[in-house]
Amino acid sequence: MFNLLFSESRSIEDPNTPLNLSDESNWSISGESVNEQSAMKLAAVYACIGVLGRSLGQLPLHVMRRTKGKVERATDHPLYDILHTEPNKWQTSYDWRETSMCHVSGWGDAYNYINRNNKGEVVSLDIVRPWECNLIETSNKRYVYSVSNSDLDIHSVQLEDMIHIKAIGSCGKTGTSPIRQCSESFALGMASQKYGNKFFGGGGRPTAIVGPKGALNKESWGWLQTAWKAATTKLRNEDNSTLLLPADMDYKQLTIAPEDAQFLETRKFSRSEVAGIYNVPAHMINDLEKATFSNISEQAIQFVRHTMMPWIVKYEQELNRKLFTKIERKAGYYVKFNLNGLLRGTAKDRAEFYTKAIRDGWMSRAEVREFEEMNPADGLEKFIISADLQLKVTPNEKA
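Numbers given to residues run from 1 along each chain, matching the order in which its sequence is written. Selection of residues for local features in this predicted model requires a pLDDT of at least 70, selection of side-chain atom pairs for listing and counting requires 80 or more, and totals for whole chains, interfaces and linings are taken over all residues. As a rule here, side-chain values come from all non-hydrogen atoms in the structure, and water together with hydrogens is ignored.

Trainee: Which residues make up the sheet that holds strand 1 (residues 61-67), and what are the values?
Mentor: Only strands joined by at least two bridges in the DSSP assignment are considered to pair. Secondary structure follows DSSP: runs of H or I at least 4 residues long count as helices, runs of E at least 2 residues long count as strands, and numbering of each begins at the N terminus. Here we have 3 strands laid out as an open sheet, ordered 2-1-11, and antiparallel in their pairing. For this open sheet the edge positions go to strand 2 (70-73) and strand 11 (333-337), each flanked by a neighbour on one side alone. On average, each strand axis in the sheet is inclined to that of its neighbour by 40 degrees, with strand direction left out of account. The pairing of strand 1 with strand 2 spans 4 bridges and is classified as antiparallel. Among the inter-strand pairings, Arg 65 is bridged to a residue of strand 2, identified as Glu 72. An axis is simply a line fitted to the C-alpha atoms; with a helix, the fit covers only the stretch in contact. Between two such axes, the angle follows the N-to-C directions and lies from 0 to 180 degrees.

Here's what the structure looks like:
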């Protein structure tokens with residue numbers, strides 16, 4: 001019945017046009033079938049997606065209120081507890097954001113159903129898995145989300161009731177999976193991993209030609225196969241380093257060693273390329289070959305600025321436009337991630353930062369204690385400017 005409500009652009013009479021909205025596989029030149037599930041078995045992919053998910057999940061998320069030039073946390077707003085603590089009955093705020101980020105990093109789209117009560121108030125934000133959700137154009141040229149998640153007991157969702165985070169896409173309505181977009185790069189890593197598994201699964205020895213020392217006839221062919229199979233099976237089962245062959249069989253090693261075929265270099269290149277696709281510094285996925293203390297510190301800052309910040313802005317804008325009414329937005333309500341968790345640095349770095357902020361007069365000691373989650377202390381609210389800076393203040397500025 002639900003399918004009759006929608007008219008789709010493809011014809012069901014064309015057997016060359018798949019009815020499934022998402023192709024289950026993407027065959028590469030190397031012969032590897034690349035999709036989200038298969039690519040996640042590659043260690044570099046799993047690590048990069050994990051880094052992005054954990055980085056977003058650890059950031060505190062607050063509902064803020066700006067009134068008369070003052071900004072404060074709106075802890076009395078109903079959405080505060082939902083976003084900061086418990087978005088739904090299954091997940092904490094950390095789990096919810098980590099899962100959502102992993103979905104958009106792998107599948108290109110992250111969906112969250114905005115569950116509202118009869119009064120229109122948000123009561124929960126429920127994860128919808130990307131492979132269970134499709135954007136469909138109806139017969140009257142409107143768009144709705146078709147959902148096949150039985151746990152939520154919903155079938156169609158209006159645009160305003162779905163938080164939709166999109167990766168880089170071609171149409172603006174949906175995102176494109178990075179894994180499918182760069183499938184050849186992921187296929188190279190999968191192919192080299194499969195080769196390594198097969199090589200070491202065979203005892204770490206190259207292939208060879210085995211034949212009889214004398215003439216080969218039809219009767220000896222079956223005997224040759226049986227003898228070779230028995231020898232190699234015994235070698236694997238007994239973990240013996242010596243291959244025993246009958247005296248009248250000859251063994252000739254043929255293939256190139258993996259080092260000569262640049263197997264290890266290919267694995268390193270694939271890992272680096274995957275990290276580049278996700279814009280994740282190599283040291284964050286345990287690739288420390290070219291890492292130093294100085295460049296790791298700089299790369300950590302670049303990761304926040306150029307990798308996480310675009311995602312954070314995207315999440316904030318989507319949450320603000322879908323969760324708050326126009327009246328609430330005009331009243332100064334908005335959602336804000338707290339980046340202090342990623343930018344805190346070492347104790348020495350924080351001490352130098354706070355010292356300069358207090359000395360230059362744009363941060364009070366009370367604010368420092370609040371950032372460090374320390375109890376308030378009396379008499380620290382006043383802003384202080386160091387004596388050498390006060391001498392540079394002109395009379396007009398003092399007035």
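Additional details are given in the paragraphs that follow.
Trainee: Give me the packing of aromatic side chains: which residues, what numbers.
Mentor: Pairing of aromatic rings covers Phe, Tyr and Trp, the last through its six-membered ring, and needs centres within 6.5 Å; plane angles under 30 degrees mean stacked, over 60 mean edge-to-face, and all others mean tilted. As enumerated under the stated definition, the model contains 3 aromatic pairs in all. When the centroid spacing of 4.9 Å and the interplanar angle of 45 degrees are considered together, the rings of Trp 107 and Trp 131 count as tilted. One end of the pair, Trp 107, is in helix 4 (residues 93-107); the other, Trp 131, is in the loop between strand 4 (122-128) and strand 5 (133-137), with 24 residues separating them in the sequence. Geometrically, the ring pair formed by Phe 324 and Tyr 333 is stacked, given 6.5 Å between the ring centres and 20 degrees between the ring planes. Buried, partly exposed and exposed residues are distinguished by accessible area as a fraction of the type maximum, computed with a 1.4 Å probe on protein chains only: under 20%, between the cut-offs, and over 50%, respectively. According to the relative accessible area criterion, Phe 324 is buried, its value standing at 3%. The class for Tyr 333 is buried, based on a relative accessible area of 18%.

Trainee: Give a description of helix 2 (residues 43-57) that names residues and reports values.
Mentor: Here, expected helix span is obtained from the residue count minus one, scaled by 1.5 Å. In a regular helix each residue adds 1.5 Å, so 15 residues correspond to 21 Å; helix 2 covers 21 Å between its end C-alpha atoms and thus fits that length. Of all 15 residues that make up helix 2, 12 are buried, and the element is covered over most of its length. Listing the buried residues of helix 2 in full gives Ala 44, Val 45, Ala 47, Cys 48, Ile 49, Gly 50, Val 51, Leu 52, Gly 53, Ser 55, Leu 56 and Gly 57.

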